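Here are the chains, one letter per residue:
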Amino acid sequence: MTTIEAHGTTAPLARVGADRPPSGDARGGPFTAPLQLAGTVAVMLLVEYTPMARAWGWARLVLQRRPLRHVAGLRFAKVLGSGHEGGFGLRPSGSRQGLFLVFDDETTARQFVDSSPVLARYRAHAKECCVALLRATSSKGSWSGAAMVPTASLPTDGPVAALTRASIRPRHLRSFWRLSPASEAALAASPGCELAVGLGEAPLLRQCTFSLWDSVASMDAYARSGAHLLAIRTAYAGDFFAEAMFVRFAVLDLQGIWKGRVYGG
């Protein structure tokens, strides 16, 4: 997925089971106002399953939000596949996935991270597992007709994170994927990028990138230069996206292992 800079201000994400606008374009298009809720905190889970647990992992993609229905304080949930080796190409991963969740507040988000049976089951099936607790500092656009309201300031030092997602118009698929490799190669080589993973709701059409940076300056240097800047300008000029959301986060907590690297330890 081509990463695009997150900025601006909109409204927060919708609750589980109601992540569609009440009327109009179900993708949250230009004639649909995002759903309005406040005071949310996000959790991003990255997991690589053990070889014996891959069938369990694939079942998460089939079941989607059903196992999460009774999680306290959960407003919004997306179960995400990943590219091969957690990357950004067209080949899907057979072992890596993501789970993006938004909670009422920091208390319920931390309860999920610390003691939820749902997360415990993910960890029990994982070869590697990494969990980030996040509060939005800026946001633009929507996801399934819902969006996030910034409730924090970007830290002056320390880690920051970015999430970008887009529903690509089918007629622009070839153009989008032609731009993606150069942008993602630049991301992988960008100074200060601590973690980057390609995720998605659906092959080809609904793509997502999550990245972690050592500072705002490092994130900005990537977002506003080179192949990435070209991808931004081309996508906007060509109206590539039916819906998109770009969010920056302050990192409240980060724990676990991803691609052999220990975070927060």
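Report follows, based on the coordinates.

## Regarding the overall build of the chain
Part 1: Across its full length, the chain carries six helices and nine strands.
Part 2: Counting over 265 residues, the chain shows a buried share of 54%.
Part 3: Taking all contacts inside the chain whose residues are at least 6 apart in sequence as the whole, residues at least 24 apart take part in 79%.
Part 4: As presented, the chain carries roughly 11,400 Å² of accessible surface, and 57% of it is formed by carbon and sulfur atoms.

## Looking at the nonpolar core
Side chains of a nonpolar character, in soluble globular proteins, are inclined to be buried together.
Part 1: Grouped together as the largest cluster of nonpolar side chains are 28 residues, with contacts concentrated most on Phe 100, Leu 134, Leu 163, Phe 210 and Phe 249.
Part 2: For this core, the secondary structure elements donating two or more residues are strand S1 (41-49), strand S2 (74-83), strand S3 (92-103), strand S4 (126-141), strand S5 (160-168), strand S6 (193-202), strand S7 (206-213) and strand S8 (241-258).
Part 3: Beyond its immediate stretch of four places on either side in the chain, Leu 134 contacts Val 41, Ala 42, Met 44, Ala 161, Phe 210, Phe 249, Ala 250, Val 251 and Leu 252.
Part 4: Core analysis: the second largest hydrophobic core is formed by 25 residues, Val 43, Tyr 49, Phe 103 and Ala 126 among them.

## Describing helix H5 (residues 216-223)
Part 1: Of all eight residues in H5, six are buried, a share of seventy percent or more.
Part 2: For H5, the complete set of buried residues consists of Val 216, Ser 218, Met 219, Asp 220, Tyr 222 and Ala 223.

## A look at the pattern of salt bridges
Part 1: Counted according to the given criterion, the structure contains eleven salt bridges.
Part 2: A salt bridge links Arg 75 to Asp 104, with the nearest nitrogen and oxygen atoms 2.0 Å apart. Pair noted here: Arg 75 is in strand S2 and Asp 104 is in the loop between S3 and helix H2 (106-115), with a separation of 29 residues, a long-range link.
Part 3: Arg 75 sits in the buried class, given a relative accessible area of 16%.
Part 4: Among the salt bridges present, the one from Glu 243 reaches Arg 165, with a minimum N-O distance of 3.2 Å. Taken as a pair, Glu 243 in strand S8 and Arg 165 in strand S5 lie far apart in primary sequence, 78 residues in all. Exposure class is identical for Glu 243 and Arg 165. Each is buried.
Part 5: Salt bridges here are not isolated pairs; linked through shared partners, they connect Lys 78, Arg 165, Glu 201 and Glu 243.

## A closer look at the pairing of S6
Part 1: Pairing analysis gives two bridges linking S2 to S6, with the strands arranged antiparallel. Considered in S6, the bridge of Gly 81 is made with Gly 200.
Part 2: The pairing of S6 with S7 spans eight bridges and is antiparallel. Directly across from Leu 199, in S7, lies its bridge partner Cys 208.
Part 3: In textbook terms, the turn of a hairpin is the stretch between consecutive antiparallel strands, and for S6 and S7 this stretch comprises three residues, one of which, Leu 204, has a positive phi near 70 degrees.

Quick notes on the rules
Residues numbered from 1 in each chain as written. Predicted model: local features only at pLDDT ≥ 70, side-chain atom pairs only at ≥ 80, totals over all residues. Heavy atoms only, no water. Helix = DSSP H or I, 4+ residues; strand = E, 2+ residues; numbered from the N terminus. Buried < 20%, exposed > 50% of the residue type's maximum accessible area, 1.4 Å probe, protein only. Contact = heavy atoms within 4.5 Å. Areas by Shrake-Rupley, 256 points an atom, 1.4 Å probe, with all protein chains shown as cover. Core = buried A, V, L, I, M, F, W, Y, C linked by side-chain atoms within 4.5 Å. Salt bridge = Lys/Arg side-chain N within 4 Å of Asp/Glu carboxyl O. Pairing = 2+ DSSP bridges.

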